[in-house]
Amino acid sequence: MWGGRFGEGPAAIMREINASIPFDKALWRQDIAASKAHVAMLGACGIVSGEDAVAIERGLDQVAAEYERDGVPEDWDLEDIHMTTESRLADQIGAAAGRLHTARSRNDQVATDFRLWVRDAIDQADAGLEALQRALVARAGEHADSIMPGFTHLQTAQPVTLGHHLMAYYEMLRRDRSRFHDARLRLNECPLGSAALAGTGFPIDREMTAQALGFARPTANSLDAVSDRDFALDYLTAAAQCALHLSRLAEEFVIWASQPFGFVRMPDSLSTGSSIMPQKKNPDAAELVRGHSGRVVGAMTALMVTMKGLPLAYSKDMQDDKPPVFEAAGLLTLSIAAMTGMVAEAGFRTDRMHQAAELGYATATDLADWLVREAGIPFREAHHITGSAVKLAEAKGVALDKLSLAELQAIDRRIDDSVFAALSVESSVAARKSHGGTAPEQVRQRVAEARRALGMDS
């Protein structure tokens with residue numbers, strides 16, 4: 001390929017460190033598509049003959065069929081997917097294959113291929129996240145009235161509904177999808193035609209290739225076009241944030257599935273057993289999603305560090321841009337699918353959740369609010385009175401609403417029997433009617449809005 005400049009071939013170590021075909025072969029579909037768009041433009045502009053353009057396009061289709069059938073061959077002397085495809089094309093059609101590389105460089109070629117691949121990965125992530133959102137919304141609708149403890153510091157705080165809890169993850173995924181959407185908008189410019197770094201002297205039509213490949217426009221600066229990997233970093237940033245959200249949801253399932261909680265029965269299809277303990281049902285899928293998040297964040301960090309000090313335009317360091325993106329995309333796809341199955345198939349034990357909400361004194365804030373609202377007591381004093389009531393209930397091993405009026409009045413004489421209407425977990429949840437609150441009517445409204453947004457009722 002570049003032997004005319006060199007008196008001897010590369011050392012074995014150079015061949016090994018320089019070859020990217022073991023991983024960039026994943027770009028073959030994008031490379032074929034971009035090459036077909038490029039040669040069609042070359043033919044339309046009269047840069048190559050119509051006969052050669054047709055022969056090249058047909059040859060590329062033959063190469064694509066070969067790759068689809070047999071996989072991409074790995075010849076390290078050819079270095080990458082671009083030269084591998086050009087070599088296979090020459091085998092198919094002969095010398096005319098050499099005209100394909102007119103008015104382009106591997107620099108703009110890989111930038112185009114990689115953008116196409118990342119665009120596809122974004123579309124795949126978005127489709128997967130929509131499916132997970134649908135699962136969350138469906139289960140939230142089932143459990144708009146199911147009461148569970150809400151936590152801060154993993155300590156029982158206030159009662160909420162399971163539907164409200166699940167819809168919190170719907171909102172997280174909504175933001176994740178918006179980040180992927182924004183990343184897609186920014187990347188959707190076509191580098192093809194930027195050549196090595198300075199553009200080309202051939203009379204090419206960059207609008208034509210951009211349109212053929214589904215880009216909104218050509219890139220505006222050839223130096224930036226071949227050296228930019230912001231689109232990959234945008235994808236990894238969105239993927240990392242999404243992986244963190246999936247990890248949090250996975251952690252909830254791990255905790256809820258543990259025997260002390262017993263809030264959920266994990267689906268058999270996403271659990272494993274123990275080689276020595278027959279009773280075990282391990283939430284391994286959830287734990288692996290939790291673990292994968294670290295690797296996705298690591299992929300983002302790896303590419304950031306690779307790009308941090310590179311001068312314009314292309315540097316060989318940028319060959320290492322693809323492995324972290326490929327790894328992150330694979331892990332994210334698996335994680336989304338695993339959590340979608342988990343949400344859809346889990347058996348929620350709402351009886352255990354309700355019991356935990358009652359025993360955790362989750363309505364303590366409701367007692368304090370009642371003292372402020374009905375007895376006119378300053379909140380700090382009400383907080384102290386409520387703490388004394390919780391201490392008594394804990395000593396007796398009962399819920400707050402199971403204390404007698406006499407016991408409550410012994411703590412503070414201003415308490416009357418109307419307080420009991422505020423102390424049940426049902427009353428507490430029903431009272432939280434503020435916009436975005438946990439009251440069942442609010443949860444149902446949010447679920448209905450989400451169903452419309454997702455087209456679930458159409």
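Here is what the cut-offs are and how they apply
- Residues numbered from 1 in each chain as written.
- Predicted model: local features only at pLDDT ≥ 70, side-chain atom pairs only at ≥ 80, totals over all residues.
- Heavy atoms only, no water.
- Helix = DSSP H or I, 4+ residues; strand = E, 2+ residues; numbered from the N terminus.
- Expected span 1.5 Å × (residues − 1).
- Buried < 20%, exposed > 50% of the residue type's maximum accessible area, 1.4 Å probe, protein only.
- Arc of directions from axis to C-beta.
- Phe/Tyr/Trp six-rings, centres within 6.5 Å; stacked < 30°, edge-to-face > 60°.
- Core = buried A, V, L, I, M, F, W, Y, C linked by side-chain atoms within 4.5 Å.
- Contact = heavy atoms within 4.5 Å.
- Pairing = 2+ DSSP bridges.
- Polar contact = N/O pair within 3.5 Å; in protein donor to acceptor, adjacent residues only side chain to side chain.

Peer 1: I'm lost on helix H4 (residues 50–70) in this one. Help?
Peer 2: Between its first and last C-alpha atoms H4 spans 30 Å; for 21 residues at 1.5 Å apiece the expected length is 30 Å, and the two agree. When H4 is considered as a whole, its buried residues turn out to be Asp 52, Ala 53, Ile 56, Gly 59, Leu 60, Val 63, Ala 64, Glu 66 and Tyr 67. Taken end-on, H4 shows its buried residues confined to a sector of 160°, consistent with a single buried face. Away from its buried face by more than 90 degrees, H4 exposes Glu 51, Arg 58, Glu 68 and Arg 69.

Peer 1: Sorry, what's going on with the packing of aromatic side chains here?
Peer 2: Two aromatic rings are characterised by how far apart their centres lie and by the angle between their planes. Applying the stated rule across the entire model yields 11 aromatic pairs. Centre to centre, the rings of Phe 114 and Phe 326 are 6.3 Å apart; their planes meet at 85°, and the pair counts as edge-to-face. Pair noted here: Phe 114 is in helix H6 (residues 106–142) and Phe 326 is in helix H12 (residues 322–345), with a separation of 212 residues, a long-range link. Both residues of the pair, Phe 114 and Phe 326, belong to the buried class.

Peer 1: Even after reading the chapter, I still don't get the nonpolar core, so can you show me in this structure?
Peer 2: Most often, soluble globular proteins keep nonpolar side chains buried together rather than apart. Phe 180, Tyr 235, Phe 253 and Leu 332 are the most contacted members of the largest nonpolar core, which has 95 residues in total. If one sorts the elements of this core by residue count, helix H10 (residues 230–257) sits on top with 17 residues. Ignoring any residue separated from it by four or fewer positions in sequence, one finds Tyr 235 in contact with Val 118, Ala 121, Ile 122, Phe 180, Val 325, Ala 329 and Leu 332. Ranked by size, the runner-up nonpolar core spans 19 residues in total, among them Tyr 361, Leu 367, Leu 408 and Ile 415.

Peer 1: Can you help me understand the pairing of strand S2 (residues 155–161) in this one?
Peer 2: Each regular strand displays side chains that alternate between the two surfaces of the sheet. With six bridges connecting them, strand S1 (residues 147–152) and S2 associate as antiparallel partners. Residue pairing across strands places Gly 150 opposite Gln 158, the latter belonging to S2. Counting the residues between successive antiparallel strands, the hairpin from S1 to S2 contains two residues, one of them, His 153, with a positive phi of roughly 60°.

Peer 1: Before we go on, may I ask you to explain helix H19 (residues 440–454) in this structure?
Peer 2: Along an α-helix, residues three or four apart share an orientation, since each turn contains 3.6 residues. Its 15 residues place the ends of H19 21 Å apart at the C-alpha level, agreeing with the 21 Å of an ideal helix rising 1.5 Å per residue. Those residues of H19 not exposed but buried are Pro 440, Gln 442, Val 443, Arg 446, Val 447, Ala 450 and Leu 454. Down the axis, H19 shows its buried residues gathered within 155° of arc, on one side only. If you follow the buried residues of H19, they end up packed against H6, S2, helix H7 (162–187) and helix H18 (425–431).

Peer 1: Honestly, the side chain of Asp 412 in this entry has me stumped. Any pointers?
Peer 2: Tracing the sequence through the fold places Asp 412 in the loop between helix H16 (405–411) and helix H17 (420–423). Judged by relative accessible area, Asp 412 falls into the buried class, the value being 10%. A distance of 2.9 Å separates the side chain of Asp 412 from the side chain of Arg 414, its partner in a polar contact. Setting aside anything within four residues of it in sequence, one finds Asp 412 in contact with Ile 377 and Ile 385.

Peer 1: Help me understand unusual backbone geometry in this model?
Peer 2: Glycine aside, residues mostly have negative phi angles, and peptide bonds mostly take the trans form. For the bond from Leu 312 to Ala 313, the omega torsion is 5°, close enough to zero to count as cis. Structurally, Ala 313 can be placed in the loop between helix H11 (284–307) and H12. For Ala 103, which is not a glycine, the phi torsion comes out positive at approximately 65°. By the element assignment, Ala 103 lies in the loop between helix H5 (81–93) and H6. With relative accessibility at 7%, the residue Ala 103 sits in the buried group.

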